[in-house]
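# Chain and residue survey
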Amino acid sequence: MDNESFQKMKLIIIEEFKDEHKTIKFNHKIYRLLIKKLRRKLKRQQLAKERDEKIRLEELQRQNDPLYQAWIIQKEKTRLQKEIEEEEENKKARKSREQREQMELQQQQKLTKERVEKQKELLLPAKTNSPSHNPFATVQDRITASIERPVCSFYSKTGVCRYDERCHRTHNRPDITNTLLAVNMYSNFEMQYGLDNEYDFDIGLEFEESERYENFKDFFYDVLPEFERFGRVIMFKVCYNSGIHLRGNVYVQYKTDYEAMQAYKALNTRYYAGRMVQCQFVNIPSWTAAICGLSEFGKCPKGRRCHYLHVFRNPPVKSIEKEKKSSRKHKRSKSRDRSHRKKKKKSHH
Ligand SMILES: [Zn+2]
Ligand SMILES: [Zn+2]
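Summarised in this report is the structure supplied together with it. (Residues numbered from 1 in each chain as written. Chains lettered and ligands numbered in written order. Predicted model: local features only at pLDDT ≥ 70, side-chain atom pairs only at ≥ 80, totals over all residues. Heavy atoms only, no water.)

### Here we look at the coordination of the zinc ion (ligand 1)
When a metal holds four donors in a tetrahedron, each ideal angle between them is 109.5 degrees; when it holds six in an octahedron, the ideal angles are 90 or 180 degrees. We count it as follows: A donor here means an N, O or S atom no more than 2.8 Å from the metal, or no more than 3.2 Å when the metal is Na, K or Ca. Since water is not included, a site may seem to lack partners. Each residue gets one of three labels from its accessible area relative to the maximum for its type: buried under 20%, exposed over 50%, partly exposed in between, using a 1.4 Å probe on protein chains only.
Ligation of the zinc ion (ligand 1) by protein atoms is provided by Cys-152 (SG), Cys-161 (SG), Cys-167 (SG) and His-171 (NE2), these donors lying 2.1 to 2.4 Å from the ion. The sequence pattern formed by the donor residues of the zinc ion (ligand 1) is C-x8-C-x5-C-x3-H. His-171 shares its class with Cys-167; the two are buried.

Put into structure tokens, the structure is as follows:
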């Protein structure tokens, strides 16, 4: 890419940004971020081009291999077979559900009829005992429905699902667990204004030294002690996914349910950095299953749109005390900010 077209692209993205964010005052910081973003985008495009070419060549080689061809056919056959089986299973489930519903309906009609007749006998008004007012009926329905629907694998692994209540699969919402999820609690400048496109966080090894990581470290050393006031934190994970159900999520696992409950009572609906903290209990059976394994190496093909957790690497905990001391010494203005924030917190409730 020559300099002239780079300059042109630069002007275009600046105009686009100004158009989209009319209320934000354009400054040098934003300018620098936009330029960085453009550079990364161009680098990414270049890398993608090279990768595609490589994949194309490998594909050509493979397609000529008879063993490979046999394998593809076998795979396709298995897939089709599986689809047919699943379809069969669905049909069966649907049929049995319809039958059961039919039976329940008949049963209910019978009961209603009996009841009405009985009421007639006793000369009582029929309204007071109508079956639609029976609270147990709805509970029963709900339970049977959840048995039939398969479990949502995203929800059961990460405690959240992009479809939330609208999901067609079952979400087994836990009562109280030892793990709290503070929804969308972490944010930074780029996340706030949508300057953080798909792959940006994953690309390059400079990440750990970047401003973004410094920002996360500040958050980590500020927030972890807050959670530790209520007990021993055994896992602390902050997401940088871009999907709204995962964006900035903070997962805090305590040793016991009791500690998590205490933290929930104290922190839910309090304010942090001007935003309300919304906590919920989640059940994470395995962190390895919840966290995207490929993200660690920057190799996840879905990038930050992945539905498994892409998390920041936690900085060393041992240095928390040191970090706190040094921030007390050097960042006077910042600590004043924090105490101000704490006061605000206390005034809430
Ligand atoms: Zn779901
Ligand atoms: Zn991923």
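### Some details on the pairing of strand β3 (residues 250-254)
Note the threshold: Starting at the N terminus, helices and strands are each numbered in turn, a helix being any DSSP run of H or I of at least four residues and a strand any DSSP run of E of at least two. Paired strands are those between which DSSP finds at least two bridges.
For β3, a buried count of 5 out of 5 residues is recorded, marking the element as mostly surrounded by other parts of the structure. Residues of β3 alternate between two faces, with Val-250, Val-252 and Tyr-254 on one and Tyr-251 and Gln-253 on the opposite face, all of them buried. Pairing geometry for strand β1 (residues 179-183) and β3, over 4 bridges, is antiparallel. Across the sheet, residue Ala-182 finds its bridge partner in β3, namely Val-250. By the bridge criterion, 5 bridges tie strand β2 (residues 233-238) to β3 in an arrangement that is antiparallel. Note on β3: the bridge partner recorded for Met-235 is Gln-253.

### A look at the side chain of His-245
Basically, it comes down to this: The contact rule is simple, with two residues in contact once any of their heavy atoms fall within 4.5 Å.
Following the sequence through the fold, His-245 ends up in the loop between β2 and β3. Contacts of His-245, omitting those with residues within four sequence positions, involve Val-160, Cys-161, Arg-162 and His-307.

### Quick word on helix α8 (residues 257-267)
For the record, the criterion: The directions from the helix axis to the C-beta atoms are what the arc is built from.
Of the residues making up α8, those classed as buried are Glu-259, Ala-260, Ala-263 and Leu-267. All buried residues of α8 fall inside an arc of 100° around its axis, so they share one side. What points out from α8, more than 90 degrees from its buried face, is the exposed set Tyr-258 and Lys-265. Of the surrounding secondary structure, the elements contacted by the buried residues of α8 are β1, α7 (211-228), β3 and β6 (278-282). Looking at the residues trailing α8, positive phi occurs at Thr-269, about 65°.

Take it as geometry only, folks, not as evidence of what the structure does.
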